[in-house]
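Chain by chain, the residues:
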Amino acid sequence: MVDASLAQMDNLILEGKFHEATEVFCQLTHGGHTVKDLALHAMTTAAPYLHVPAHEKLLENGEFRNVNYDHTMLGIRAGMRLSPWLPEGEKDLGIVQGMYYIPQGLDVWAQLECRFPGHYAREQERCPEEKIGRELHCYFEDKEPLVEGTVDERFKRMFEALTRGDKVTSYRLFLGLAARPELRKRLQDTLLFAAIIDQQEYNSFRRVRHIGHKPVRTRAMFDLADWVGWDRAKPFFYLAVPDICNAPIFHSLYDHACFLLNLHFKGTQFEIMDNNKTPLTEAEQETLRALIMAGDPMAVADEITRLLKKGKAPQNIADVVNIAHATHSVTRLRSPIAYTVPMHSFDYANVVNYWLRNFKNKHQPKAIYLSAWFVTDTIREIDAYPNIPGVVKPDPETQRDWAEGIATNRLLGELEAAIADQDPSRSVALVRAWNARHDSGKRGSRDTLIRKLAHCAGKYQGDAHIFRNACSVIEEYQLNTASAARKDVLFEFWAHFLSFYKKRTLATDCYDMYHRYFAKDVAGNA
């Protein structure tokens, strides 16, 4: 019976029947399977059909179009990371939402040609349902490990293969190195480095955009390996490592950062991570934040160089980037659809910060330039967008008096209602009112707010960005070196995003299904 049910779930996944597959997933959790094991099984089933030949596609008219990145792994990872912030009755909600997406994300390449059903075929390409094909394609076959050579030789060869786009060599070498626990920290550092430096100079006003997916997926791969165990994590390795090698590959911005650092430091740039320890002053943080929000990447790069030459700590500089990004979104983003790129640049900057916080690599100062450049360029693009007729720019100040008049014990309930109504002005005003009544310097003072926002994020289906963004915000609040008061804008940004970002749907089919099978008591949300 159990085998038959697993087989049934597999068949439904491969047929693109996301609602039915998730229903069986939920049923199987009551038959002795853990959510973790079922998520791993589902990703193992889907993995061969989650590759693409490239992330750019030449059209018949001679122009290129973007080919979307796989988000299935990102959804499962985000659900796993969000779990501790959800009440007992919803702790696996994010993972089940990730499962709901898996059948919708298969064979992106075919979906763009209306050859397989999924959200890209239906929502992005608007393919007529009766004309959508049903055949899956595998664009990269699994490989065996490559173990010839010394450890150093294999790391060197793997890094070169990753930067050249050699999928087979990089993946086989990775598998051989990943089998040795003592090498895994070094392996994570190397893969993150290779993924982070593949970033184009200008994502703005481009049809083919990197928008940070390669490092975001690389970090997700390692988080999931730690979750399920590296010995069982091959489906995630199979998905993420070859994709780092997919075209297009951009190293020109990384080269620009290398050039700037060599020009100003004459070889001593490789000692910055060891030597630069002085924190940024509040005035320096504010200057850098203002420059990023002004949208001139070159001016920002010059300021980063100036700060590094003064001995300022690289992590402090990098931490300003997402504070500036969040502030811009709350104060100047004018259209729901405009969130498409900013949520990616925010997550990219978060992965750069994760690399800086958890690894030691002499090339890390260069990543600060890439992170700041990407965010600043994104701000430049967003500010250039025309106003959309009928869309009113959110203005939380208009709701300030209303929010401040609400009793403290009702604020978060009102926040959930405002997010459900997709009202960013009310949502941000309520977050500000909550934060004003809770001392930011007191440990855990924002935990209840985080739990409420995580619960609200968990309602939205079919979009891994929403959970991924939630995880990035939480991590930045916990670990960012900016002052607690300065970091409060991150929660305004999160509420603004949940209330204003254009969702694929406002339906709650998956949320409702989850509660039928799992939820016992969600009163802790209130």
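Refer to the structure printed above.
Quantities reported herein were computed from a predicted structural model and do not represent experimental measurements.

Reading the values: rules and limits
Residues numbered from 1 in each chain as written. Predicted model: local features only at pLDDT ≥ 70, side-chain atom pairs only at ≥ 80, totals over all residues. Heavy atoms only, no water. Helix = DSSP H or I, 4+ residues; strand = E, 2+ residues; numbered from the N terminus. Polar contact = N/O pair within 3.5 Å; in protein donor to acceptor, adjacent residues only side chain to side chain. Contact = heavy atoms within 4.5 Å. Core = buried A, V, L, I, M, F, W, Y, C linked by side-chain atoms within 4.5 Å. Buried < 20%, exposed > 50% of the residue type's maximum accessible area, 1.4 Å probe, protein only. 1 Å grid on protein atoms, 1.4 Å probe; cavity = no way out; pocket = protein on both sides within 12 Å on 5 of 7 lines; lining within 4 Å. Points joined across faces, edges and corners; volume = space filled by probe spheres on them. Nonpolar A, V, L, I, M, F, W, Y, C, P; charged D, E, K, R; others polar.

Draft legend 1. Molecular detail of the side chain of Asn276. The topology assignment puts Asn276 in the loop between helix 14 (272-275) and helix 15 (282-294). In this structure the side chain of Asn276 is engaged in a polar contact, spanning 2.9 Å, whose partner is the backbone oxygen of Leu308. Those residues within four positions of Asn276 in sequence are excluded, and the remaining contacts are Leu308, Gly311, Lys312, Ala313 and Pro314.

Draft legend 2. Up close: the nonpolar core. With 120 residues, the main nonpolar core has Met9, Phe174, Phe237 and Trp494 as its most contacted residues. Considering every element that reaches this core, the biggest residue donor is helix 26 (residues 489-500), with nine residues. For Trp494, the residues in contact, after removing those within four places along its chain, are Ile450, Leu453, Ala454, Ala457, Asn469, Ala470, Val473 and Ile474.

Draft legend 3. Highlighting the environment of Pro396. Here Pro396 shows up in the loop between helix 19 (364-384) and helix 20 (400-404). Separated by 34 residues in the primary sequence, Pro396 and Leu430 place their C-alpha atoms 8.7 Å from one another. Setting aside residues no more than four positions away along its own chain, Pro396 makes contact with Ser425, Val428, Ala429 and Arg432.

Draft legend 4. Inspection of the layout of surface pockets at higher detail. Considering only enclosed or pocket space, the largest pocket measures out at about 920 Å³ in volume. Along the wall of the largest pocket there are 28 residues; nearest its centre are Asn68, Gln124, Ile337, Thr340 and Arg504. Every element with two or more residues in the lining of the largest pocket is listed here: strand 2 (64-66), helix 7 (119-124) and helix 18 (342-358). With four residues, the single largest contributor to the lining of the largest pocket is helix 7. Classifying every residue of the lining of the largest pocket gives nine nonpolar, nine polar and ten charged. Size it by volume and the second largest pocket reaches roughly 210 Å³.

Draft legend 5. Structural detail: the environment of Pro365. Its location among the elements puts Pro365 in helix 19. Assessed through its relative accessible area of 1%, Pro365 is described here as buried. Each C-alpha atom of the pair Pro365 and Thr305 lies 9.8 Å from the other, and the pair is 60 residues apart in sequence. Other than its neighbours up to four places away in sequence, Pro365 contacts Leu261, Gln269, Ile272 and Met273.

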